[in-house]
Amino acid sequence: MIHVGLRVDVDTLRGTRIGVPNLIDLLARCHIRASFFFSVGPDNMGRHLWRLIRPAFLVKMLRTGAGRLYGWDILIRGTLCPGPEIGKRCPNQIRDTAVAGHEVGLHAWDHHYWQTRLARLDQHAITEEIQRSYDLMADILGRTPDCFAAPAWRITPEALYALEQFPFRFESDCRGHSLFRPVVDGRRLSHVQVPTTLPTYDELIGLKCTPETYNEYLLKMIRPDRLNVLTIHAEAEGISCLALFQDFLEKARQRDIVFEPLGDILSRTGKIVASGIHKAAVAGRDGWLACQGEISNPSKSMRTS
Ligand SMILES: [Zn+2]
């Protein structure tokens, strides 16, 4: 039996409203529990459109068929007026996810803001951003959220310090290969990281495979001898790629692959190493993201990499 941690990122109003119920239904039929991470503040993801002026991003949008993949309403959301607050519009979808037995954590207040501005924010500003989403999630769930996954795998030392102030069981803020406690600027942090190990749909399509070859390609990347954590998106696998994802789950079942929430992996894992976190580029993804790596000495932290 091969274990795979299944992380569902929910970035937008459309993903919460349509993708989440679709995934809850599908996962219930397959007897799978996963970890859902919600964005609960304004949906400004349409501001991505402004990035079309950057040629590399335009190429990616065309390569992945972004209009079809995410829906054009997502792509223009927040471009003309402030985006709608997702947690206020869709509290039931978030509660239903918890009631269905899934692990429910925090992804973002404003996903787009975090993803584009994080590198320029100080610890105080980041703490405010997290606190807003933390409080709204607590209102919705009737309890405080106990895990966190950084939007777009973007994390900075200031953000890690800010997150330390919240009583999270674990975080999933970066790409990596094993469970670890981050050491940043010589300081060992307390929250364990459960990193994403596998690429996302939009990182592979058009580069390594087509929708027809995608499931086989991804299944081959899942190995019994290592940590496997897959991140899917409510906007993609929950809507436009739902049939493809259903086929993936069926093929995985035939290969004795079982999916579980990230917290279950943490409960089973005895040895947790110490690692650094560094900025890196990942094929198929625009800009930098955070990756598990060597512990660097404080003078060569991720600030300068
Ligand atoms: Zn996200």
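Bear in mind that the values here come from a model prediction, so they are computed numbers and not experimental data. (Residues numbered from 1 in each chain as written. Predicted model: local features only at pLDDT ≥ 70, side-chain atom pairs only at ≥ 80, totals over all residues. Heavy atoms only, no water.)

Engineer: Account for the overall build of the chain, naming residues and giving values.
Structural biologist: Within the chain one finds 14 helices and 12 strands. Evaluated residue by residue, the chain yields a buried proportion of 58% over its 305 residues. Partitioning the contacts of the chain with sequence separation of at least 6, the portion at a separation of at least 24 is 75%. For the chain, the computed accessible surface area is about 12900 Å², with 54% contributed by carbon and sulfur atoms. (Helix = DSSP H or I, 4+ residues; strand = E, 2+ residues; numbered from the N terminus. Buried < 20%, exposed > 50% of the residue type's maximum accessible area, 1.4 Å probe, protein only. Contact = heavy atoms within 4.5 Å. Areas by Shrake-Rupley, 256 points an atom, 1.4 Å probe, with all protein chains shown as cover.)

Engineer: Tell me about helix 6 (residues 91-99), residues and numbers included.
Structural biologist: All of the buried residues along helix 6 are Gln93, Ile94 and Thr97. End-on, the buried residues of helix 6 take up no more than an arc of 100°, which puts them together on one face. Structurally, helix 6 contributes buried residues whose contacts are with helix 1 (13-29), strand 2 (35-39), helix 5 (86-89), strand 3 (103-108) and helix 8 (123-141). Following helix 6 by one or two positions, Gly101 adopts a phi angle in the positive range, close to 100°. (Arc of directions from axis to C-beta.)

Engineer: For the environment of Asn297, give the residues involved together with the corresponding values.
Structural biologist: Relative to the helices and strands, Asn297 is located in the segment after strand 12 (288-293). Its relative accessible area of 40% is what places Asn297 among the partly exposed residues. Between the alpha carbons of Asn297 and Val184 there is a distance of 8.6 Å; along the sequence they are 113 residues apart.

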